[in-house]
Amino acid sequence: MNQVPWDAKELSVGQVSERSGVAISALHFYERQNLIHSRRTSGNQRRYPRETLRRIAFIRIAQRVGVPLASIAEYLSQLPNDHAPSRADWKRVTRLYQNEIDERIHRLQQLRDEFTECIGCGCLSIGSCKLANPYDTLAEHGPGPRRLLEN
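Residues numbered from 1 in each chain as written. Predicted model: local features only at pLDDT ≥ 70, side-chain atom pairs only at ≥ 80, totals over all residues. Heavy atoms only, no water.

Novice: What is the right way to look at the side chain of R46 in this model?
Specialist: Structurally, the position occupied by R46 is in strand β3 (residues 46-49). Among the polar contacts made by the side chain of R46, one reaches the side chain of H28 at a distance of 3.1 Å. (Helix = DSSP H or I, 4+ residues; strand = E, 2+ residues; numbered from the N terminus. Polar contact = N/O pair within 3.5 Å; in protein donor to acceptor, adjacent residues only side chain to side chain.)

Novice: Please explain the nonpolar core as it appears in this structure.
Specialist: Generally speaking, soluble globular proteins have nonpolar side chains that are buried together. Membership of the largest hydrophobic core comes to 24 residues, with the highest contact counts inside it found for L27, Y30, I72 and L76. Contributions of two or more residues to this core are made by α1 (13-20), α2 (24-32), α3 (52-64), α4 (69-76) and α5 (87-114). By residue number, the principal contributor to this core is α3, which donates five residues. In this structure, L27 is in contact with V13, V16, S17, S20, V22, I36, Y48 and I56, ignoring residues within four places of it in sequence. (Core = buried A, V, L, I, M, F, W, Y, C linked by side-chain atoms within 4.5 Å. Buried < 20%, exposed > 50% of the residue type's maximum accessible area, 1.4 Å probe, protein only. Contact = heavy atoms within 4.5 Å.)

Novice: Can you walk me through the pattern of salt bridges in this structure?
Specialist: Think of it this way: side chains of opposite charge can pair up when their charged atoms draw near. Under the definition given, this model contains six salt bridges. R39 is the partner of E10 in a salt bridge, and the nearest nitrogen-oxygen pair spans 2.7 Å. Here the residue E10 occupies a position in strand β1 (residues 10-12), and R39 occupies one in strand β2 (residues 39-40), the gap between them amounting to 29 residues. Looking at R39, the relative accessible area reads 41%, which means it is partly exposed. Residues R107 and E103 are paired through a salt bridge, measuring 2.8 Å at the closest nitrogen-oxygen approach. Separated by four residues within a single helix, R107 and E103 lie in helix α5, roughly one turn from each other. Taking relative accessible area as the criterion, R107 reaches 29% and is therefore assigned partly exposed. (Salt bridge = Lys/Arg side-chain N within 4 Å of Asp/Glu carboxyl O.)

Novice: Looking at this structure, how should I read a nonpolar patch on the surface?
Specialist: Among the surface-exposed residues, L108, L111 and F115 lie close enough to one another that they form a single nonpolar patch of about 310 Å² accessible area. For L108, the location among the structural elements is in helix α5. (Patch = residues over 30% accessible without salt bridge, like charges linked within 9 Å, V, L, I, M, F, W, Y side chains within 5 Å. Areas by Shrake-Rupley, 256 points an atom, 1.4 Å probe, with all protein chains shown as cover.)

Novice: Is there a simple way to think about the sheet that holds β3 in this case?
Specialist: Two orientations exist for strands paired in a sheet by backbone hydrogen bonds: parallel and antiparallel. Pairing in this open sheet of three strands is antiparallel, and the strands run β1-β3-β2 from one edge to the other. On the outer flanks of this sheet lie β1 and β2, each paired with one strand and no other. Relative to β3, β2 is paired through two bridges, and the arrangement is antiparallel. Within β3, the position partnered with R39 by the bridge is R47. α1 rests against β1 and β3 of the sheet, and its axis sits at about 95° to β1. (Pairing = 2+ DSSP bridges. Axes fitted to C-alpha atoms, helices over the stretch in contact; angles between N-to-C directions.)

Novice: Would you explain unusual backbone geometry in this entry?
Specialist: Negative phi values dominate among residues other than glycine, just as trans dominates among peptide bonds. One non-glycine residue, L124, adopts positive backbone phi at about 55°. Relative to the helices and strands, L124 resides in the loop between α5 and α6 (129-132). Located in the positive-phi region is D136, a residue other than glycine, with phi close to 55°. Relative to the helices and strands, D136 resides in the loop between α6 and α7 (146-149).

Novice: Looking at this structure, how should I read the packing of aromatic side chains?
Specialist: Each pair of aromatic rings is reported with the distance of its centres and the angle of its planes. The full count for this structure, using the stated rule, is four aromatic pairs. Seen from their ring centres, Y75 and Y97 are 5.2 Å apart, and the 45° between their planes marks the pair as tilted. Of this pair, Y75 sits in helix α4 while Y97 sits in helix α5; the two residues are 22 residues apart in sequence, bridging distant segments of the chain. In terms of burial, Y75 and Y97 fall into one category: buried. Above the ring of W90, the side-chain terminus of R54 is found at 5.4 Å from the ring centroid. (Phe/Tyr/Trp six-rings, centres within 6.5 Å; stacked < 30°, edge-to-face > 60°. Lys NZ or Arg CZ within 6 Å of the ring centre and 35° of its normal.)

Here it is in structure tokens:
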């Protein structure tokens, strides 16, 4: 493994792949999706600005927690392409997705903590369902797990 020079302003696709841990094919995909950008050399080789590594880190972490690529693209489109995003730029983008992340955390906690109790889905298979949702009365409020959807 060749270490990417710390002072390199631009990186080849191989260097970006090596430093980010993302396959070259994934980098090409990200580029086709306008998540990252490169320029072409006279020999038609891709060169990425070093700050692309931060965008890729954002993409990887967001994907890891289940954020759809369309949302990731929307957030990244708020960053400048003509210069390295500043701390203020990243802070602005962070505010855009903060509510979505908070909602996702809430739903994951519900899945972890509340799925062993009656959730109002109509199955009536858990002992507490007969007390919490007798005769599936929560069906009157709509389909699905009413107790989780209404929180």
